[in-house]
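Summary of structural features
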Amino acid sequence: MITVDQFTLDSDLNAIVNEINQATWDEHNDMCQYDVASLSAYLQRQDTIFLACHSIHAHVKTLLGIASARIEIKPYGQEKWLYVDEVDSCADQRKKGAGKVMMQYLLELARQNNCEALWLGTESENIPANALYRSLKPDDIAEFVGYTYETYSAQ
């Protein structure tokens, strides 16, 4: 059985942070060390979403992946949309359906919150992620170029 849990400030954040930090991640995840203070700060922002996907077999719960997103409102027309920050499957738990289940959960949250659309991006060379997102029948697939500007210097 696969489950998706949505975390809030009232959730056991210590437990999920420990699970995330003990899970197996690789270069496809671009994963950093999680800590309770940072996850709490993220969840304090209005309209943030943090999910964990688990498999449960014979009462053993295994982390399959995590996702984060936020509901945004446009500065015109009061339109809302769901922006997906990350959908990450644990490297040793791939091909078990976690990404699809989390995306379906996020699509349903977007509908429940009257969002006009759900938006996410991924690298063109991330073939598994692109296959997943295409399988969910998007209304549009756009090619775009992303730019990153680091605004602080490491000391």
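Below or above, wherever it landed, is the structure these notes cover. From a predicted model like this one, the values you see are computed outputs, not experimental measurements.

1. Points about the side chain of Ser89
Along the polypeptide, Ser89 turns up in strand β4 (residues 80–89). What makes Ser89 buried here is its relative accessible area of 17%.

2. Here we look at the nonpolar core
Counting residues in hydrophobic clusters, the biggest one holds 22 residues, and the most contacted among them are Ile49, Leu82, Val87, Met102, Met103, Leu106 and Tyr133. In this view, Met103 contacts Val87, Leu118, Leu120, Leu132, Tyr133 and Leu136; residues no more than four positions away in its chain are not counted. Phe7, Leu13, Ile20 and Ala52 belong to the second-largest nonpolar core, a separate cluster that totals 14 residues.

3. So, unusual backbone geometry
Leaving glycine out, the prevailing phi sign among residues is negative, and the prevailing peptide bond configuration is trans. Unusually for a residue other than glycine, Asp47 sits at a positive phi of about 70°. Positionally, Asp47 belongs in the loop between α2 (36–44) and β2 (48–57). Asp47 sits in the partly exposed class, given a relative accessible area of 37%. Despite not being glycine, Lys137 shows a phi value in the positive range, around 55°. Within the fold, Lys137 resides in the segment after α4 (127–135). Take Lys137: its relative accessible area is 69%, and that puts it in the exposed class.

4. Notes on the sheet that holds strand β5 (residues 117–119)
With respect to topology, five strands assemble into an open sheet ordered β1-β2-β3-β4-β5, the strand pairing being mixed. Either end of the sheet is taken by a strand with one partner, and the two such strands are β1 (2–7) and β5. Each adjacent strand pair in this sheet contributes to an overall mean axis angle of 30°, direction not counted. Inspection of the sheet shows β4 paired to β5 by three bridges, in the parallel sense. Following the sheet pairing, Trp81 is matched in β5 by Ala117. This element, helix α1 (residues 13–22), spans β1, β2 and β3 (60–73) of the sheet and lies at about 70° to β2.

5. So, α1
Of all the positions in α1, only Leu13, Ile16, Val17 and Ile20 are classed as buried. The buried residues of α1 occupy one face: seen down the axis, they fall within an arc of 100°. Structurally, the start of α1 carries an N-cap: the backbone nitrogen of Asn14 is 3.4 Å from a side-chain oxygen of Asp12.

6. What about the side chain of Gln93?
Among the secondary structure elements, Gln93 is positioned in the loop between β4 and α3 (98–112). On the basis of relative accessibility, which here comes to 12%, the residue Gln93 falls in the buried class. Reaching out from Gln93, the side chain makes a polar contact with the side chain of Lys96 at a distance of 2.6 Å.

7. Some points on the packing of aromatic side chains
In total, this model carries five aromatic pairs according to the counting rule given. Geometrically, the ring pair formed by Tyr83 and Trp119 is stacked, given 5.5 Å between the ring centres and 15° between the ring planes. Of this pair, Tyr83 sits in strand β4 while Trp119 sits in strand β5; the two residues are 36 residues apart in sequence, bridging distant segments of the chain. A relative accessible area of 38% places Trp119 in the partly exposed class. Centroid distance Trp119 to Phe144: 5.8 Å. Interplanar angle 50°. Geometry classified as tilted. Residue Trp119 is found in strand β5, and its partner Phe144 is found in the segment after α4; the two are separated by 25 residues along the sequence. Phe144 sits in the exposed class, given a relative accessible area of 51%. Through successive ring pairs, a cluster of aromatic residues spans Trp81, Tyr83, Trp119 and Phe144.

Cut-off values and rules
- Residues numbered from 1 in each chain as written.
- Predicted model: local features only at pLDDT ≥ 70, side-chain atom pairs only at ≥ 80, totals over all residues.
- Heavy atoms only, no water.
- Helix = DSSP H or I, 4+ residues; strand = E, 2+ residues; numbered from the N terminus.
- Buried < 20%, exposed > 50% of the residue type's maximum accessible area, 1.4 Å probe, protein only.
- Core = buried A, V, L, I, M, F, W, Y, C linked by side-chain atoms within 4.5 Å.
- Contact = heavy atoms within 4.5 Å.
- Pairing = 2+ DSSP bridges.
- Axes fitted to C-alpha atoms, helices over the stretch in contact; angles between N-to-C directions.
- Arc of directions from axis to C-beta.
- Polar contact = N/O pair within 3.5 Å; in protein donor to acceptor, adjacent residues only side chain to side chain.
- Phe/Tyr/Trp six-rings, centres within 6.5 Å; stacked < 30°, edge-to-face > 60°.

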